[in-house]
Amino acid sequence: MDAPFDLHLQVLGVSVCGIGLWILFDGGSLLNVHASDELRIVGAGLILIGLVVFAVSIIGIVGATKEIRCLLLVYMGLLIALVLGQLFVALLLLINRDTIEQSLDQTVDRIIFWYGGHNRTDTLMDRIQRYEGCCGRMGPSDWLLNSFLLNLTNQDLLPCSCFNSSRPAINSPWCSERQNLTGPVYGVGGGSFEQGCKQKLVDWLQENLLTVVTMDTALMLIQVVQFVFSVYLYRALGSRTAAKVPQPGEQSDLRGQNYAYVDQDNADLY
């Protein structure tokens, strides 16, 4: 009876575990460059919940198919614990949404300051600016705070990813629209993006948070349905067991029956 729902639980459990792994270990995400403590807790919690959901669903399948009431009790108790844990994770995400957004802003500012075009975070920032059509966090002026540009007298440079079209130099990630700055050192850029990337990043963050909360909510709803089915199955198994046990009155009737009695109308008399 419960097996199809438990299979759905297993699939969602693996999905939730995968989201937790993505939050903690995905090298291509800004969330993992300098993740906040709240985000690490959410990621670890999702991994734990996903693994426990998978294990609990197996207990439910065994308890339902083998009709073991003790396992069904354990299954229902674990379902309650899982729902409470998932509720905690969802509330933690919603309550600390602004904190996670501030952590994302600080991560972008740190990448801009240390940007040199030669490491993983620089490549990630270039990809965001190039494909989202934006430059800096709030705008191109954010790049004036870059550690390399702070040491230059003329700061009319931007990452080549900040331009609509560019021809980078061989060993430099920087481009300029001014011809007197171009040459073997810097590349040539045309049409720099004026919009900052903050709103793009906020939208991306909100979409991912909504995905996590939606999956968490769907998992909780399935677990509530599972709990109701488990209670019904537990009571049905109890009723079936009680029906198989002879009642005290029935046992006394059986003991008091006189098997030596012979119906006189049908007896043969000699």
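All of these numbers come straight from a predicted model, not from anything done at the bench.

### Let's talk about the pattern of salt bridges
Inference 1: The tally for this structure, following the rule as stated, stands at 4 salt bridges.
Inference 2: Residues R137 and D105 are paired through a salt bridge, measuring 3.8 Å at the closest nitrogen-oxygen approach. A residue pair is termed long-range when its members are at least 10 positions apart, and R137 in the loop between α5 (120–132) and β1 (158–159) and D105 in helix α4 (residues 97–114) qualify at 32 residues.
Inference 3: Owing to a relative accessible area of 17%, R137 belongs among the buried residues under this scheme.
Inference 4: One salt bridge in this structure joins D109 and R137, with 2.8 Å as the shortest N-O distance. Taken together, the residues D109 in helix α4 and R137 in the loop between α5 and β1 connect sequence positions 28 residues apart.
Inference 5: Sharing partners across several salt bridges, the network here consists of E101, D105, D109, R137 and K198.

### Some remarks on the packing of α4 against α5
Inference 1: Contact pair α4 / α5: the axes reach a minimum separation of 10 Å and the direction vectors enclose 110°. Comparing the axis directions of α4 and α5 gives the class roughly perpendicular. Facing α4, whose interface residues are V108, I111, I112 and W114, α5 presents T121, D122 and M125.

### Overview of the environment of G50
Inference 1: Along the chain, G50 turns up in helix α2 (residues 37–65).
Inference 2: The contact partners of G50, leaving out residues within four places of it in the chain, are G13, V16 and C17.

### Some remarks on the state of the cysteines
Inference 1: All told, the structure shown has 3 disulfides when counted by the stated rule.
Inference 2: Disulfide pairing places C160 opposite C175 at an S-S distance of 1.9 Å. With the S-S bond torsion at 85°, the cross-link from C160 to C175 turns out right-handed. With C160 in the loop between β1 and β2 (163–167) and C175 in strand β3 (residues 174–176), the pair connects residues that are 15 residues apart, well separated along the chain.

### Examining a nonpolar patch on the surface
Inference 1: A cluster of nonpolar residues, V14, F54, I58, V62 and I68, forms a patch on the protein surface that exposes about 370 Å² of accessible area.
Inference 2: For the nonpolar patch, the element with the highest residue contribution is α2, accounting for 3 residues.
Inference 3: With respect to the helices, strands and loops of the structure, V62 is situated in helix α2.

### Describing the environment of I59
Inference 1: Looking at where I59 falls in the secondary structure, it is placed in helix α2.
Inference 2: Put simply, I59 and V74 are 15 residues apart on the chain and 8.2 Å apart in space, counted from C-alpha to C-alpha.
Inference 3: Ignoring sequence-local partners within four residues, the contact set of I59 consists of L71, Y75 and L78.

### Quick look at α5
Inference 1: For α5, with 13 residues, the first-to-last C-alpha span of 18 Å sits near the 18 Å given by 1.5 Å per residue.
Inference 2: Just past α5, the residue G133 takes up positive phi, approximately 65°.

Here is what the cut-offs are and how they apply
Residues numbered from 1 in each chain as written. Predicted model: local features only at pLDDT ≥ 70, side-chain atom pairs only at ≥ 80, totals over all residues. Heavy atoms only, no water. Salt bridge = Lys/Arg side-chain N within 4 Å of Asp/Glu carboxyl O. Helix = DSSP H or I, 4+ residues; strand = E, 2+ residues; numbered from the N terminus. Buried < 20%, exposed > 50% of the residue type's maximum accessible area, 1.4 Å probe, protein only. Axes fitted to C-alpha atoms, helices over the stretch in contact; angles between N-to-C directions. Parallel < 35°, antiparallel > 145°, perpendicular 65-115°, else oblique. Contact = heavy atoms within 4.5 Å. Disulfide = S-S within 2.5 Å. Patch = residues over 30% accessible without salt bridge, like charges linked within 9 Å, V, L, I, M, F, W, Y side chains within 5 Å. Areas by Shrake-Rupley, 256 points an atom, 1.4 Å probe, with all protein chains shown as cover. Expected span 1.5 Å × (residues − 1).

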